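# Report on the structure
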Amino acid sequence: MKQPKVTAASYLGKKRLVQSGVLALIAGIYAIGCYILQFDTIQGTLSIPKAFAWLAINFMPTQSSMSYLPQIMEKLFDTVLMSIASVVVAAVIAIFFAILGSKVTGINKFMQVLVRGIASFFRNIPLVAWAMILLFSFKQSNFTGFLALLLMTIGFLIRAFMEIIEDEAGEAMMALKATGASYFQVIFQAVIPQIIPSLISWILYMIENNVRDATLVGILTGTGIGFIFDIYYKSFRFDAAGMTVLSIIVVVIGLETLSNQIRKVIL
Amino acid sequence: MISNEGTKPIVSKPSFQKDPQQKIKLHKTTASTWMIQAVTISLILITFYTLTHLNTENVKMADAFKGLMMTFNQMFLQPNAGADGFWVLLEALGVSVLLGILTTIIGAVLGFFFAVIASRNLTNAYWGAGIRALMAVVRAIPTILWALIFSIAVGLGPTAAILGLSFHSVAYLTKAYSESIEEIDPAIIDALKVTGCKFWTIVFQAVWPTIIPSLVSWTFIRLEINFANAVAVGAAAGAGGIGYQLFVTSGLSFDFHEVGYIVYMVIIVTLILEFIAVKLRQHYLGK
Amino acid sequence: MLEVKNLAKSYQKDKPALTDISFKIDPGNFVAIIGPSGAGKTTILRSLNQLIKDDAGEILLDGEDIRSANKKELRKLRRQIGMIFQNYNLVERLTVLENVLHGRLGYKSTLAGVIGRYTEEEKREALDLLDKVGLSEFALQRCSELSGGQKQRVGIARALIQHPKVILCDEPIASLDPASAQNVMKLLKELTEEFNIICIANLHQIDLAKEHADQIIGIRHGQMIFNDTADKLSKDAIAELYGTSAAKELA
Ligand SMILES: Nc1ncnc2c1ncn2[C@@H]1O[C@H](COP(=O)(O)OP(=O)(O)O)[C@@H](O)[C@H]1O
Ligand SMILES: [Mg+2]
């Protein structure tokens with residue numbers, strides 16, 4: 001076998017050249033982007049401490065903002081419930097489609113392509129579009145928020161579940177198929193038991209994520225925690241808005257910690 | 001075919017009974033299976049409660065779904081560029097894409113820096129714990145709230161959007177990168193430490209080259225997220241871009257033909273981003 | 001008796017993975033298939049239970065043609081063929097006992113299999129088999145808690161409870177340390193004789209193949225270039241299979 005002689009030095013030199021080129025390209029894109037968007041990096045950076053100083057004065061909850069707490073808690077509770085419900089319903093639908101569409105459990109090529117397409121479509125329609133379209137038909141109600149979260153979550157979970165099945169269940173599946181087990185036996189005896197921890201891990205992650213996304217949906221559709229933040233914000237009750245942000249931080253970090261504890265036991 | 005002939009006599013073990021009267025158990029309940037059941041049941045009960053108590057404002061479901069189908073029909077089957085026209089929408093789309101790219105670059109640079117400091121295998125535990133806690137708080141606040149907060153603090157516009165989006169981007173990538181760094185084989189780092197290399201030399205000679213594949217992979221995942229967030233922030237914080245156009249056409253002028261057109265434009269961009277991400281991952285995994 | 005006649009398979013056009021493979025194996029024989037990686041060993045093995053659909057040929061198990069079986073018949077034929085994998089392919093989260101019992105799924109109604117209901121007789125047999133492979137204390141342990149060698153023995157028990165006529169092993173010891181590898185090979189050899197079944201194993205280690213196998217089949221570039229008893233595998237034959245340098249190393 002003949003190979004062109006590549007010395008270590010020339011190889012490293014070439015690699016460094018490529019890396020420098022890529023870095024220069026990224027810097028160039030950044031500079032052009034800043035010019036077009038009229039974003040002054042230095043000014044922007046300097047405004048951060050100022051912004052935080054402003055926040056520290058205006059957003060700081062005071063004694064009187066405690067009175068908002070019950071209302072905030074109620075809306076936040078609603079939002080968490082809505083996130084959980086949207087993820088659970090989405091997960092049930094998604095596992096069904098993921099089994100039909102994954103490369104290892106899929107029934108045929110056509111279904112695989114179809115499911116992939118559907119998932120990609122649902123996932124890539126902006127959450128804003130879902131929220132606004134649904135608002136038009138279903139008006140300002142919690143159901144609208146629920147549907148918007150549900151539709152987007154379905155897209156995410158189908159993809160995630162398909163990847164989990166392909167990564168984790170393929171080998172055990174083949175073994176059971178070789179024993180003469182039928183399709184449904186393989187699904188219930190090999191695939192489901194094998195993927196359940198990852199499934200639950202993803203469900204927990206999506207719940208956490210949907211609490212955050214519910215804020216956006218809430219602002220647009222006038223529901224839940226997003227709505228109440230928007231009201232405080234637009235009526236300049238910044239201390240109450242700050243209180244809302246603080247409550248969200250506590251709840252999201254609480255959920256994240258709880259999820260991590262659950263994961264530790266399950267995996 | 002299978003018989004006990006010629007096999008060793010079976011010693012009865014305490015863990016199960018071979019008494020023919022007694023049923024043989026297939027498994028014992030472990031903490032893990034118990035937790036899985038507990039979580040599953042709780043989630044289902046909560047969902048059931050939520051769905052039965054969901055406030056629908058007495059909207060007639062059948063009519064609403066019919067209306068939704070009509071909207072879908074206008075959007076997806078009869079899209080057009082509407083009052084704004086293609087070029088205005090394309091420019092707005094460009095703004096959102098740029099927002100996504102800029103905030104990803106900021107997130108990647110600062111994120112890498114923070115990740116190095118936060119990784120348990122590179123620095124002392126106090127720094128790491130401090131940064132991780134800070135980033136957890138930053139991540140807990142929804143992007144849209146960051147953008148809204150900055151738009152009062154520095155005024156409405158792209159600067160507020162960029163700063164708002166960057167906070168989340170930095171926090172997310174710090175976590176992702178530092179998890180990749182912590183997976184590095186300790187031998188690689190020790191090998192350089194033994195030769196007396198300086199901290200940043202180790203970072204750029206050992207850490208950086210080792211994690212480039214996962215670095216690239218995470219960065220592109222974040223680019224997809226940042227683009228989606230740029231659209232969202234444009235709509236809900238009035239920060240401009242295609243998101244703002246989407247908000248105006250769907251919430252103020254109710255031109256769902258144009259909404260459909262915009263959605264298709266956004267989908268095309270996300271598909272391109274996804275395609276690039278997949279190709280890059282294949283490129284790096286293939287090596 | 002297992003009889004393979006003129007088996008052929010190509011994954012892509014004009015790139016045959018197998019050409020014209022024919023051999024016969026009698027019950028009670030332990031057969032090793034050897035050859036460099038990419039030679040087509042896995043393809044042969046997976047054609048035998050039709051996990052891979054081959055292109056042409058005949059595969060007769062006691063006179064029945066596996067290749068022409070319909071879906072239902074194929075399930076019935078597959079339960080007479082156990083399979084053992086390099087990566088064990090167990091359902092790691094289930095217990096050892098549950099994994100062994102998976103070998104019975106082919107004999108059960110779909111519903112009974114789906115909910116995992118087994119008869120006491122099946123369970124008792126599973127425990128006996130675990131005893132035979134030396135794992136009876138581990139019956140209620142999760143498979144993820146076992147070592148590689150132990151996992152492979154669970155795989156063997158799962159194949160045996162199928163009451164197979166044939167056991168196919170795709171590199172059964174490639175992921176094991178030398179001591180566990182010897183153990184597994186001995187166990188397979190003993191079981192082959194004890195139950196008078198056919199055992200076919202893809203192997204990388206020529207020395208282990210010579211030590212344990214009754215018959216050796218050598219594959220190179222999808223063609224069978226050796227098929228004889230183990231003692232006939234000469235240095236020249238090895239050289240032809242792997243190239244001269246490998247033969248020298250092994251000598
Ligand atoms: N699914 C597949 N698609 C395309 N080519 C394959 C596939 N599986 C195996 N091959 C090719 O067929 C040949 C034989 O492969 P295999 O039976 O796995 O060899 P071995 O098990 O001896 O290493 C190889 O050249 C391999 O690249
Ligand atoms: Mg192979």
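From a predicted model like this one, the values you see are computed outputs, not experimental measurements. (Residues numbered from 1 in each chain as written. Chains lettered and ligands numbered in written order. Predicted model: local features only at pLDDT ≥ 70, side-chain atom pairs only at ≥ 80, totals over all residues. Heavy atoms only, no water.)

### A word on the overall build of chain A
- Scanning chain A from N- to C-terminus turns up 10 helices and zero strands.
- Listed by position from the N terminus, the elements making up chain A come as α-α-α-α-α-α-α-α-α-α.
- Radius of gyration (C-alpha) of chain A: 25 Å, far over the 18 Å computed for a compact globule of 267 residues.
- Expressed along its principal axes, the backbone C-alpha trace of chain A runs to roughly 75 × 55 × 40 Å.
- In chain A, buried positions account for 55% of the 267 residues. (Helix = DSSP H or I, 4+ residues; strand = E, 2+ residues; numbered from the N terminus. Rg over C-alpha atoms; globule rule 2.2 N^0.38 Å. Buried < 20%, exposed > 50% of the residue type's maximum accessible area, 1.4 Å probe, protein only.)

### Comments concerning the nonpolar core
- Within the largest apolar cluster, 211 residues are counted, with the highest numbers of intra-cluster contacts made by Phe161 of chain A together with Leu130 of chain C.
- Among residues more than four places away in sequence, those in contact with Phe161 of chain A are Ala91, Ala94, Ile95, Ala98, Leu199, Trp202 and Ile203 of chain A.
- Judged by nonpolar contacts, the second largest core, of 31 residues, contains Leu74, Ile81, Ile200 and Ile217 of chain C. (Core = buried A, V, L, I, M, F, W, Y, C linked by side-chain atoms within 4.5 Å. Contact = heavy atoms within 4.5 Å.)

### As for the interface of chain B and chain A
- Contacts between the two partners involve 74 residues from chain B and, on the opposite side, 67 residues from chain A.
- In this assembly, chain B packs against chain A so that about 6,200 Å² is buried in total across both faces, 84% of it on carbon and sulfur atoms.
- Linking chain B to chain A there are three salt bridges.
- Among the salt bridges present, the one from Arg139 of chain B reaches Glu256 of chain A, with a minimum N-O distance of 3.4 Å.
- Across the contact surface, chain B and chain A share 10 residue pairs in polar contact (both at pLDDT 80 or more).
- Here the side of chain B that touches chain A takes 12 residues from helix α1 (residues 31–52) of chain B, the largest share from any one element.
- In the side of chain B that touches chain A, the residues fall into 56 nonpolar, 14 polar and four charged. (Buried area = accessible area lost by both parts, 1.4 Å probe. Salt bridge = Lys/Arg side-chain N within 4 Å of Asp/Glu carboxyl O. Polar contact = N/O pair within 3.5 Å; in protein donor to acceptor, adjacent residues only side chain to side chain. Nonpolar A, V, L, I, M, F, W, Y, C, P; charged D, E, K, R; others polar.)

### A word on the packing of helix α10 (residues 238–266) of chain A against α1 of chain B
- Relative to each other, α10 of chain A and α1 of chain B sit at 135 degrees, their axes nearing to 8 Å. Our classification of the angle between α10 of chain A and α1 of chain B gives oblique. Between α10 of chain A and α1 of chain B, the residues in contact are Ile262, Val265 and Ile266 of chain A and Ala31, Ser32, Met35, Ile36 and Val39 of chain B, respectively. (Axes fitted to C-alpha atoms, helices over the stretch in contact; angles between N-to-C directions. Parallel < 35°, antiparallel > 145°, perpendicular 65-115°, else oblique.)

### Some points on the layout of surface pockets
- Its boundaries defined by the atoms lining it, the second largest pocket holds a volume of some 1,500 Å³.
- Surrounding the second largest pocket, 41 residues form its lining, Val22 and Ile26 of chain A together with Trp208, Val216 and Tyr284 of chain B being those nearest its centre.
- Put simply, the parts of the chain that give the lining of the second largest pocket at least two residues each are α1 (8–37) of chain A together with α3 (85–118), α8 (199–236) and α10 (256–286) of chain B.
- Taken together, the residues that form the lining of the second largest pocket break down as 34 nonpolar, four polar and three charged. (1 Å grid on protein atoms, 1.4 Å probe; cavity = no way out; pocket = protein on both sides within 12 Å on 5 of 7 lines; lining within 4 Å. Points joined across faces, edges and corners; volume = space filled by probe spheres on them.)

### Some details on the sheet that holds strand β2 (residues 15–25) of chain C
All names here are of chain C.
- The strand order across the open sheet formed by four strands is β2-β1-β4-β5, and the pairing between neighbours is antiparallel. Every other strand in the sheet has two partners, leaving β2 and β5 (64–65) as the edge strands with one partner each.
- In this sheet, strand β4 (residues 56–61) lies alongside strand β1 (residues 2–12) in antiparallel orientation, the contact comprising five bridges. Along β4, the bridge assignment pairs Glu3 with Leu60.
- Contacting β1, β2 and β4, helix α1 (residues 41–48) runs over the sheet at an angle of about 120 degrees to β1. (Pairing = 2+ DSSP bridges.)

### Focus: the packing of aromatic side chains
- Counted according to the given criterion, the structure contains 36 aromatic pairs over all chains.
- Taking 5.8 Å as the distance between ring centres and 55 degrees as the angle between the ring planes, the aromatic pair formed by Phe52 of chain A and Phe167 of chain B counts as tilted. Taken as a pair, Phe52 of chain A in helix α2 (residues 41–58) and Phe167 of chain B in helix α6 (residues 158–182) lie in two separate chains rather than in one.
- Take Phe167 of chain B: its relative accessible area is 17%, and that puts it in the buried class.
- Their ring planes at 40 degrees and their centres at 5.7 Å tell us that Phe72 of chain B and Phe76 of chain B sit as a pair that is tilted. Here Phe76 of chain B and Phe72 of chain B lie together in helix α2 (residues 61–77), a separation of four residues that amounts to about one turn. (Phe/Tyr/Trp six-rings, centres within 6.5 Å; stacked < 30°, edge-to-face > 60°.)

### Some remarks on the domain arrangement of chain A
- Considered domain by domain, chain A is made up of domain 1 (8–58) and domain 2 (65–266).
- Each of domain 1 of chain A and domain 2 of chain A has a C-alpha centre, and the two are 33 Å apart. (Domains from an automatic or database assignment.)

### Some details on unusual backbone geometry
All names here are of chain A.
- Located in the positive-phi region is Lys139, a residue other than glycine, with phi close to 60 degrees.
- Tracing the backbone through its elements, the reader meets Lys139 in the loop between α5 (127–138) and α6 (142–168).
- On the basis of relative accessibility, which here comes to 45%, the residue Lys139 falls in the partly exposed class.

### A look at the site of ligand 1
All names here are of chain C.
- Looking at ligand 1, the residues that line it are Tyr11, Ala17, Pro36, Ser37, Gly38, Ala39, Gly40, Lys41, Thr42 and Thr43.
- Contacts to ligand 1 include Gly40, whose backbone N or O atom sits 3.0 Å from an oxygen atom.
- Within the backbone of Lys41, a nitrogen or oxygen atom sits 2.8 Å from an oxygen atom of ligand 1.
- When ligand 1 is considered free in solution it has 560 Å² of accessible area, and contact with the protein chains removes 56% of it.
- Across the shell around ligand 1, the residue classes break down as four nonpolar, five polar and one charged. (Near = heavy atom within 4 Å. Areas by Shrake-Rupley, 256 points an atom, 1.4 Å probe, with all protein chains shown as cover.)

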